[in-house]
Amino acid sequence: MDGQDAVRLAGARVWIDGIVGTGVRGPLEGALADAVRALAALKRSAGPAVVAVDVPSGLTDARGEVPGPLLPAEVTVTMGAHKEALVLPPAAGYAGRIERVDLGLGPADAERTPPVALHTAASAAAHYPAPTSEDHKYTRGVVGVVAGSDTYPGAGVLAVRGALASGAGMVRLNSTRRVEDLVLAAEPGVVTAGGRIQAGLIGPGLDEARRAEALELAEFCLEAGLPLVIDAWVLDLVPGLVDRTRPAALTITPHYGEAARLLTALGSPTTRARVGDAPLSAAQSLHELTGATVVLKGAATIVYGAARTTPADGGAPGRARACGPEQGDGPERGHDPGGARNREGSGEPREDTHDPGGARGPEAPSSPGEPRGRDSARAIVAPLGCGWASVAGSGDVLAGLVAGTHAGARARRERDGADVHDPVAEAAAAVWVHGEAARLAARARHAPGQPIQARQIADAIPPVIGGILGA
Ligand SMILES: NC(=O)C1=CN([C@@H]2O[C@H](COP(=O)(O)OP(=O)(O)OC[C@H]3O[C@@H](n4cnc5c(N)ncnc54)[C@H](OP(=O)(O)O)[C@@H]3O)[C@@H](O)[C@H]2O)[C@@H](O)CC1
Ligand SMILES: Nc1ncnc2c1ncn2[C@@H]1O[C@H](COP(=O)(O)OP(=O)(O)O)[C@@H](O)[C@H]1O
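Scoring rules and cut-offs
Residues numbered from 1 in each chain as written. Chains lettered and ligands numbered in written order. Predicted model: local features only at pLDDT ≥ 70, side-chain atom pairs only at ≥ 80, totals over all residues. Heavy atoms only, no water. UniProt positions renumbered as here; feature names shortened; annotations may be inferred. Domains from an automatic or database assignment. Contact = heavy atoms within 4.5 Å. Buried area = accessible area lost by both parts, 1.4 Å probe. Salt bridge = Lys/Arg side-chain N within 4 Å of Asp/Glu carboxyl O. Polar contact = N/O pair within 3.5 Å; in protein donor to acceptor, adjacent residues only side chain to side chain. Nonpolar A, V, L, I, M, F, W, Y, C, P; charged D, E, K, R; others polar. Core = buried A, V, L, I, M, F, W, Y, C linked by side-chain atoms within 4.5 Å. Buried < 20%, exposed > 50% of the residue type's maximum accessible area, 1.4 Å probe, protein only. Helix = DSSP H or I, 4+ residues; strand = E, 2+ residues; numbered from the N terminus. Near = heavy atom within 4 Å. Areas by Shrake-Rupley, 256 points an atom, 1.4 Å probe, with all protein chains shown as cover.

As annotated in an unreviewed UniProt entry, the protein carries the name ADP-dependent (S)-NAD(P)H-hydrate dehydratase and is attributed to Pauljensenia hongkongensis. Under the heading Subunit (unreviewed entry), UniProt records this for the protein: "Homotetramer."

Shown next as structure tokens:
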């Protein structure tokens, strides 16, 4: 590109970038790299809008990494299927708004580009069915939550609100008196007594003083084969839990900083910057090292894991002993989220509070690295989120929503005796709903939008779910 080209280009308000497509692999090199670098610099100073054809030039990597110079676009018009580089972070951040042009190659094109699927409203709707006349709170799912502390009381409120907003039938909370009072003032339907649960959540806003309660719920869930979501600081429990249990039902929800810490603790040292450069690889490594479904949070959130195709619970389908009878059981059975405090007066742990190994059957995977009865791993990514979602407590709402979504799915499996468990699809649905809720709250669907708080994301979840069910 000579000086005259530069002057001509600088005068144009829109550039159409069709320089390099998806056929190239690895970083652009030589004269091509120099030209793309020069154009990117000129774009920064002259400010044209760039419309890329298929992919922005330089986004060549199928794992969403950014290998070298590239020309960022405001709009990318892509043909047929979505390309990984357009949906996976960090590359997705350079593609702008995506316009897909159907080439008539079939409906699957819209959603799938193996091995990465893009989550959509249609795929989320299946995970939030409207209750029928047969349903009651236990068939809609009960979430046991250990969240919030006197250090971070607000996170407990937000996690509970996320779980409730999922459509779960009930949330049982174990927290400090202050957090419980705050939660009950906002949500009087929350229960602080022990009892039957169908999924657990530990992490949001916990401090060291709450470690024992978090560990107790984690062990209860993993031993009973109940879905367990681990978030935030208590992700540091994961290496110990993976060693001692088989985490078939474990979902972890780290942000990049937490992912780097956890990978390092698992013997794969890395940094937050390296996770940010290659988040798909980080999510894959976390899954391979733990067996868990990994929700790696960022501007575009990657969900990585495997579906179970054999009974998650072993034994009689539809019933987990640790959860007590099918219905009508009260606080005398199941998990006791109040721990020792709620047992005051009895002197002993209750008979059904822990059920070591009882509900986990022979179908449990033999090791985290070599799960039996599971499909091969896959990634699902939600479209690039609305930036207003990056506000304190947003991830706490998401953790609650993921746990509520797992609890609902688990309750339906118990009711129907179903044996297919797809925690990746469940978690991806929750991520999609959370992203849409942020967009709705911020009024950012067709406009830049406006600042929001995490509680507004929680408030917007029910209308998003209602919207996808009514569509
Ligand atoms: N209202 C309440 O009660 C709230 C309570 N909360 C509770 O606070 C606790 C601490 O959680 P926390 O995430 O703030 O701190 P922590 O994990 O130590 O991060 C340290 C370093 O990690 C990085 N990093 C952070 N976020 C990142 C991201 N999204 N994406 C990428 N990187 C990110 C960043 O590193 P840097 O970029 O500076 O290198 C940062 O300096 C936790 O229990 C939580 O539940 C919060 O939810 C807020 C609302
Ligand atoms: N730039 C962004 N655009 C869209 N969503 C974002 C962006 N940055 C973060 N998020 C989302 O915001 C949430 C932040 O969660 P987290 O880091 O756990 O925060 P907190 O601990 O304060 O709740 C995640 O759901 C993440 O996907």
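Q: What's the story with the domain arrangement of the protein in this structure? I'm lost.
A: The figure often quoted for interface size is the accessible area lost as the parts come together. Taken as a whole, the protein is organised into domain 1 (3–111) and domain 2 (124–309 + 376–470). Taking only C-alpha atoms, the centre of domain 1 and the centre of domain 2 are 34 Å apart. Taken residue by residue, the interface counts eight residues in domain 1 and twelve residues in domain 2. Taking both sides of the interface into account, the surface hidden between domain 1 and domain 2 amounts to around 810 Å²; carbon and sulfur atoms contribute 64%. Considering only the surface of domain 1 that becomes buried against domain 2, Arg63, Leu88 and Pro89 emerge as the three largest contributors, covering 57% of it. Applying the counting criterion to the domain 1 and domain 2 interface returns zero salt bridges. The interface formed by domain 1 and domain 2 holds two residue pairs in polar contact (both at pLDDT 80 or more) in total. Taken together, the residues of the side of domain 1 that touches domain 2 break down into five nonpolar, one polar and two charged.

Q: Any chance you could explain the nonpolar core here in plain terms?
A: The tendency in soluble globular proteins is for nonpolar side chains to be buried as a group. Core analysis: the biggest nonpolar cluster contains 57 residues, and Tyr128, Val143, Val145, Val433 and Ile461 have the highest contact counts within it. Looking at this core element by element, the count peaks at eleven residues for helix α15 (residues 423–441). Filtering out sequence-adjacent residues up to four positions away, Tyr128 remains in contact with Ser166, Leu401, Thr405, Ala429, Ala430, Val433, Ile465, Ile468 and Leu469. Counting 48 residues, the second largest nonpolar core, distinct from the first, contains Leu226, Leu235, Leu266 and Ile302.

Q: For this particular structure, what's the right way to read the UniProt feature "binding site: AMP" (unreviewed entry) in the protein?
A: In the UniProt entry, the feature "binding site: AMP" (unreviewed entry) is given for Lys297, Gly298, Ala299, Ala300, Thr301 and Gly395. These annotated residues cover 99 residues of sequence, and their C-alpha atoms lie no more than 13.1 Å from one another, placing them together at a single site. By the secondary structure assignment, Ala299 is in the loop between β12 (293–296) and β13 (302–305). Given the relative accessible area of 56%, Ala299 is considered exposed. Relative to the helices and strands, Ala300 is located in the loop between β12 and β13. Residue Ala300 is classed as buried on the basis of its relative accessible area, which comes to 0%.

Q: What should I look at first to understand the site of ligand 2 in this one?
A: Close to ligand 2 lie 17 residues; Lys297, Gly298, Cys386, Gly393 and Gly395 are nearest. Taking Lys297, its side chain carries an N or O atom lying 2.6 Å from an oxygen atom of ligand 2. A distance of 3.3 Å is found between an oxygen atom of ligand 2 and a backbone nitrogen or oxygen belonging to Ser394. Burial of ligand 2 by the surrounding chains reaches 75%, relative to a free accessible area of 580 Å². Of all the elements, helix α14 (residues 394–416) adds the most residues to the shell around ligand 2, at four residues. The residue inventory of the shell around ligand 2, partitioned by class, reads five nonpolar, ten polar and two charged.

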